[in-house]
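In case you want the letters, here they are:
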Amino acid sequence: MSTVWTPAGLAARAVAGTYNVLLTWTVADGELPEDFLGFSIERRDALGRRRWLPNFVRFANDPKAGGEETASSARAPVQRFRWGDYAAKPATTYTYRIVPRRGTAADLLAAADGFEADPASLEGGIEVVVTTADVDDRATAIFFNRGAAASQAYVKRFGDVDPEKNPAAKVWLSRGLEEALVDFAGRAKDRNWAIDAAIYEFQKPEMIATLAAAKSRGVAVRAVYHGRRASAKDHALAKNLAAISAAGVAFTEPRAAPPQGAIMHHKFVVLKQRIGKVMTPVAVWTGSTNWTEAAIWGQLNVGHAVWDADIAACYARLFEDLVDDRSGQDWEKSVAALTPVPAGVAALKDGITPIFSPQPSLAMLDLYAEICRSARVLFVSAPFLLHEKIRAVLASPPEGALHFVMLDKPSSFAKDGEIELINRRFDPQLMAAVATRLDKALHDFQNHTLMKAESFHHNGVHIHSKIILADPFGPDPILVTGSANFSEGSTIENDENSLIFRGDRAVSAIYATEFARMFEHYWFRWNQKVWVKQHGAGTMPVLAESHAWASEYMTPGTQKYGDRSAFAGPGQTRAERAARLAALGAAGT
């Protein structure tokens, strides 16, 4: 029989984003019972509706294994100390119950139907209560689309069919990203408002139409687009011009100043309002999202509306220089003066720090590398090859650190990335996930859209968000987000913008839970791919039928022990971060 049992030291936390909740828990170190099989996780909302969170892995003898791809955690307990609910709703309070399970696999399977029908009949566990972020709250106006990780949910909702001719499917894939941008621009109601937009790939008709509609309301609208051509393969300019011509708009200017190999890579919109007699910047929309179909439906992207007048004013000044098409060393010095790079983490203030490119040096990358080095828990999302300064930190993590790296392809990690990632698959300080495509109609559509709509810089890129997030669950989180890839070209050549948030736990929670949503999907697929290479096609990992699964979680020096430990406790404070960096400096690390 399955028994109710609470292990010593069981403690849990829930971190809420907007559409996701990340659950972590731990137990006291020590031996666990032989028949300890994992955890069932229940969600209950304010209306009393209850459901078990799903698991991808089942027991080998589950009679329902031939059905849906996932099973409830009442039937297939989670054999980990971290899990996510990626089907939450905004501005909603949830109670999660984490129930330790003991018995045999046969016991759990025999009882599963009853517990699935009536979750309350499985007693015990520990509860945590959390409320998700409100999409209408200006402090957390952050919008991620679904990306390719949504393939299973897509099939369940729409079937394994091409979304090309299904408007509802496209809205679902956007997940409010395009709609939030349209709403942001829509706040400019009349001649007392102005919009300045700097957009690399200025192509999606509906988004251009949003600016045209604002113009028709009397709003002063200006837009700068990428107007350079690096090579014969670079079709971004031609596509921009074709879209502008088709839209019939006359408020655009090209960013065409040399060097031609540089990219005008911005994706920002400044919103201005007349206050007295002065048109005053009040907010800015930024992030990684180009104005293309692929950016909304095919890639993982983020749009972030920042309602901070000082930050918006910085972007407004940058826009004027882009309109003037400035370039050269004077331009780099002007950019550096507008947004000086803090001299290390110690100089990084609480709140928001903007950094624009091109910069006259690599100081920006030095800062990012130091942020990475300072972290106990680090999340990195990288579409392209990371700069060697950051790769050096990932190659030799400081003692006690755990790095989670999400990559568009293995070469984003290193030139021989696949070999290195496979060799480090069980590294106690690195967990890596790589975008792994499935044989699904959604992925075929996304691949086709990426190849058709994107410039040669982005062909086939599924992970397009650029994120560094240090210690997201403690009192001193540091987030880097924006248009800039973590590369030399993005630092000293391209027109780019980044924002660094320090100490904003609500913003960090949204980025962290969205990162976890994508990371968990790709981590599972990447490890499944490696598993098939090692064990042959047609094989799948299955749940352990004893406490053997937990052994590594309880063994210091292993990857899983580090995973369990990383999320326990209150997280790193600012003073602890400073002491950590001082110790690393003294040790010459």
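Look a little higher up for the structure.
The present account deals with the structure reproduced in this document. Worth saying up front: this structure is predicted, and the values here are computed from it rather than measured.

So, how was this worked out
Residues numbered from 1 in each chain as written. Predicted model: local features only at pLDDT ≥ 70, side-chain atom pairs only at ≥ 80, totals over all residues. Heavy atoms only, no water. Core = buried A, V, L, I, M, F, W, Y, C linked by side-chain atoms within 4.5 Å. Buried < 20%, exposed > 50% of the residue type's maximum accessible area, 1.4 Å probe, protein only. Helix = DSSP H or I, 4+ residues; strand = E, 2+ residues; numbered from the N terminus. Pairing = 2+ DSSP bridges. Axes fitted to C-alpha atoms, helices over the stretch in contact; angles between N-to-C directions. Contact = heavy atoms within 4.5 Å. Polar contact = N/O pair within 3.5 Å; in protein donor to acceptor, adjacent residues only side chain to side chain.

On to the nonpolar core. Grouped together as the largest cluster of nonpolar side chains are 51 residues, with contacts concentrated most on Phe268, Tyr315, Phe379, Phe404, Met406 and Tyr511. Of all the elements, helix α15 (residues 505-535) adds the most residues to this core, at ten residues.

Turning next to the sheet that holds strand β3 (residues 36-45). Reading across the sheet, the four strands line up as β4-β3-β8-β9 and stay open at both edges, with antiparallel pairing between neighbours. A single partner strand is all that each edge strand has here, and the edge strands are β4 (50-52) and β9 (126-131). Along the sheet, successive strands turn relative to each other by an average axial angle of 25°, direction set aside. Bridge analysis of strand β8 (residues 93-102) against β9 gives six bridges, and the strand direction is antiparallel. Among the inter-strand pairings, Tyr96 is bridged to a residue of β9, identified as Val128. Strand contacts of helix α1 (residues 105-117): β3, β4 and β8, with the helix running at about 150° to β8, the strand carrying the most contacts.

Here Asn55 lies in strand β5 (residues 54-55). Residues Asn55 and Thr6 lie 49 residues apart in sequence; the distance between their C-alpha atoms is 21 Å. Setting aside its immediate chain neighbours within four residues, Asn55 contacts Thr70, Ala71, Ala76, Pro77, Val78, Trp83 and Leu543. One polar contact links the side chain of Asn55 to the main-chain carbonyl oxygen of Pro77, over a distance of 3.2 Å.

For the rest of this paragraph, the subject is unusual backbone geometry. Cis geometry is found at the peptide bond from Pro258 to Pro259, where omega equals 5°. Along the chain, Pro259 falls in the loop between β13 (252-255) and β14 (267-275). Of note, the bond from Ser357 into Pro358 is cis; its omega dihedral lies within 30 degrees of zero at 10°. For Arg175, which is not glycine, the phi dihedral falls at a positive 55°. By the element assignment, Arg175 lies in the loop between α3 (167-174) and α4 (177-186).

The next point concerns the pairing of strand β17 (residues 351-357). Most of β17 sits out of view: six of its seven residues are buried. Where β17 and strand β23 (residues 496-502) come together, seven bridges link them in antiparallel fashion. Across the sheet, Gly351 pairs through a bridge with Arg502, a residue of β23.

On to the sheet that holds strand β20 (residues 430-434). A sheet is described by the order of its strands in space; here seven strands give the open sequence β17-β23-β22-β21-β18-β19-β20, paired in mixed fashion. Edge positions in the sheet fall to β17 and β20, since each has one partner strand and no second. Along the sheet, successive strands turn relative to each other by an average axial angle of 10°, direction set aside. One ladder, built from four bridges, connects strand β21 (residues 467-470) with strand β22 (residues 478-482); its direction is antiparallel. Across the sheet, the residue bridging to Ile467 is Thr481, located in β22. Along the sheet, helix α8 (residues 309-323) contacts β17 and β23; its crossing angle with β17, the most-contacted strand, is approximately 10°.

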